Amino acid sequence: MVKECTTEKSKNYHKQASNNISITLILSFLFNILVIFGGFYTNSIAIVSDAIHDMADTFCLLISWILEKASLKGKNDKYTYGYQRLSILSAIITSVFVIVASLLVVSESLTRIFSVVSPDPEGMFFFAILGIIFKGISVYKVYNGQTYNEKAISFHLLGDVFRWIAILLVSIILMFYNIPILDPLISLVIAIWLIYALGKTLIESFRILLQKVPDEYDLRKLKEDILKIDNVSEILDIHLWSLDGIDLILTCKLKVNSSKKEDITKIREELSKLSLDYDISEETVEFIFD
């Protein structure tokens, strides 16, 4: 028994994600221009490193927006599940790009630690305020998104907000104390944090592609609930996996001890109820008769 896989809920989530990402893309492009100028004007490695991040941001957001739009396309004879997994692919691309950009920042920060250059604290302060505003608005747009694409983007943008807050604090300290090493140190710490955070998102995205049972679901409990259904004697095979981090798919092969039409209908009805309880979008069942 097969239901429509791409649910209306999933379509709405991906459509909203596309709209949210388009806004963050515009904000990122505008801010990227400001940050490139600001990094050279203030001579701050923390701001230069953010310019590198923002260039990666803008490119990744463009790819994310294109793939998120494409994920809304319906299923066809060649792609029978549709294109929803393009959203997961986008999350992977975003995570990889940010991790690579962060590694570049780590390298540059380490160089600056051993060859300290005094930045312009007043300029840092001004651009930090702009950074908090631009990135704060971007985080607000995607933070509550339901797709993994939005989660990867929001996690990264939240790191950007923290970085700009740190740059703001460092700029204030530098106005009163000559400790220029704080600039590359704070950049180094945040870059390492981003590598760790986006690394986790990358691993989770790969788990979805490998059709791992989502962590919030207990497959043993689901098996127990299925075996409680009248006339179901054995589960010969079962798979529970997420299509895109939203739609959940169940396929199973059940041995039943009755071939009566009314009994099979009853089993199907009970499985549909279980699907609602477990928020399963599609269940495909094969019956084997004793």
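Criteria and thresholds
Residues numbered from 1 in each chain as written. Predicted model: local features only at pLDDT ≥ 70, side-chain atom pairs only at ≥ 80, totals over all residues. Heavy atoms only, no water. Helix = DSSP H or I, 4+ residues; strand = E, 2+ residues; numbered from the N terminus. Contact = heavy atoms within 4.5 Å. pLDDT = per-residue confidence, 0-100. Axes fitted to C-alpha atoms, helices over the stretch in contact; angles between N-to-C directions. Parallel < 35°, antiparallel > 145°, perpendicular 65-115°, else oblique. Left-handed = near helix turned anticlockwise from the far one by under 90°. Nonpolar A, V, L, I, M, F, W, Y, C, P; charged D, E, K, R; others polar. Pairing = 2+ DSSP bridges. 1 Å grid on protein atoms, 1.4 Å probe; cavity = no way out; pocket = protein on both sides within 12 Å on 5 of 7 lines; lining within 4 Å. Points joined across faces, edges and corners; volume = space filled by probe spheres on them. Salt bridge = Lys/Arg side-chain N within 4 Å of Asp/Glu carboxyl O. Core = buried A, V, L, I, M, F, W, Y, C linked by side-chain atoms within 4.5 Å. Buried < 20%, exposed > 50% of the residue type's maximum accessible area, 1.4 Å probe, protein only. Phe/Tyr/Trp six-rings, centres within 6.5 Å; stacked < 30°, edge-to-face > 60°. Polar contact = N/O pair within 3.5 Å; in protein donor to acceptor, adjacent residues only side chain to side chain.

1. Some remarks on the side chain of Ser95
Alright, step 1. Take Ser95: it is sitting in helix H3 (residues 86–113).
Alright, step 2. Not counting the four nearest positions on each side in its chain, Ser95 is found in contact with Ala152, Leu198, Thr201 and Leu202.

2. Some remarks on the confidence of the model for the protein
Alright, step 1. On average, residues of the protein carry a pLDDT of 79, and 86% of them reach 70 or more.
Alright, step 2. Within the protein, helix H2 (residues 45–70) has the poorest average pLDDT of any element, 72, and helix H7 (residues 219–227) the best, 92.
Alright, step 3. Overall, residues 1–5 carries pLDDT values under 50, and its contacts beyond four positions in sequence, including any with other chains, amount to 23 contacts.

3. Considerations on the packing of H3 against helix H6 (residues 182–209)
Alright, step 1. Packing of H3 against H6 brings their axes to within 8 Å, and their N-to-C directions diverge by 160°. Taken together, the axis directions place H3 and H6 in an arrangement best described as roughly antiparallel. The interaxial crossing formed by H3 with H6 has left-handed handedness.
Alright, step 2. Grouping the amino acids of the contact of H3 with H6 by side-chain chemistry returns 23 nonpolar, 7 polar and 1 charged.

4. Side note on the sheet that holds strand S1 (residues 232–242)
Alright, step 1. Strands sit in the order S1-S2-S3 across an open sheet of 3 strands; the sheet is mixed. Every interior strand has two partners, whereas the edge strands, S1 and strand S3 (282–289), have only one. The average angle at which neighbouring strand axes cross in this sheet is 10°, direction not considered.
Alright, step 2. As judged from the 8 bridges shared by strand S2 (residues 248–256) and S3, these two strands associate in the parallel manner. In the strand pairing of S3, Cys252 is matched with Val285.

5. Points about empty space enclosed by the protein
Alright, step 1. Per the counting criterion, the structure on display carries 1 cavity of 30 Å³ or more.
Alright, step 2. Reported here for the largest cavity is a volume of approximately 60 Å³.
Alright, step 3. In terms of lining, the largest cavity is formed by Asp57, Cys60, Leu61, Thr94, Val98, Ile153, His156 and Leu157.
Alright, step 4. Contributions of two or more residues to the lining of the largest cavity are made by H2, H3 and helix H5 (148–176).
Alright, step 5. Residue composition of the lining of the largest cavity, by class: 5 nonpolar, 2 polar and 1 charged.

6. As for the environment of Glu122
Alright, step 1. Assignment of secondary structure puts Glu122 in helix H4 (residues 121–142).
Alright, step 2. Separated by 53 residues in sequence, Glu122 and Met175 have C-alpha atoms that sit 7.3 Å apart.

7. Some remarks on the pattern of salt bridges
Alright, step 1. Taken as a whole and judged by the stated rule, the model has 7 salt bridges.
Alright, step 2. For the salt bridge of Glu234 with Lys255, the shortest nitrogen-to-oxygen distance reads 3.6 Å. Residue Glu234 is located in strand S1, and its partner Lys255 is located in strand S2; the two are separated by 21 residues in the primary sequence.
Alright, step 3. The closest approach of N and O atoms between Lys266 and Glu270, which form a salt bridge, is 3.5 Å.

8. A closer look at the nonpolar core
Alright, step 1. Counting 21 residues, the largest nonpolar core has Ile226, Leu254, Ile267 and Leu271 as its most contacted members.
Alright, step 2. Contributions of two or more residues to this core are made by H7, S1, S2, helix H8 (261–277) and S3.
Alright, step 3. With 5 residues, S2 is the single largest residue contributor to this core.
Alright, step 4. Ignoring anything within four residues of it in the chain, the contact list for Ile226 reads Val232, Ile235, Ile238, Leu254, Leu271 and Leu274.

9. Side note on the pairing of S1
Alright, step 1. Pairing of S1 with S2 involves 9 bridges; the strand directions are antiparallel. Within S2, the residue paired with Ile235 across the bridge is Leu254.
Alright, step 2. Adjacent in sequence and paired antiparallel, S1 and S2 are bridged by 5 residues, among which Gly245 carries a positive phi angle near 90°.

10. A look at the packing of aromatic side chains
Alright, step 1. Per the counting criterion, the structure on display carries 4 aromatic pairs.
Alright, step 2. Their ring planes at 25° and their centres at 5.1 Å tell us that Phe31 and Phe134 sit as a pair that is stacked. Placement of the pair is Phe31 in helix H1 (residues 8–42) and Phe134 in helix H4, with a sequence separation of 103 residues. Phe134 carries the same exposure label as Phe31, and that label is buried.
Alright, step 3. An aromatic cluster is present here, built from Phe31, Phe134 and Trp164 joined pairwise through their rings.

11. Digging into the environment of Tyr217
Alright, step 1. Along the polypeptide, Tyr217 turns up in the loop between H6 and H7.
Alright, step 2. Counting along the chain gives 23 residues from Tyr217 to Leu240, while the straight-line C-alpha distance between them is 8.9 Å.
Alright, step 3. For Tyr217, the side chain forms a polar contact with the main-chain oxygen of Tyr278, separated by 3.3 Å.

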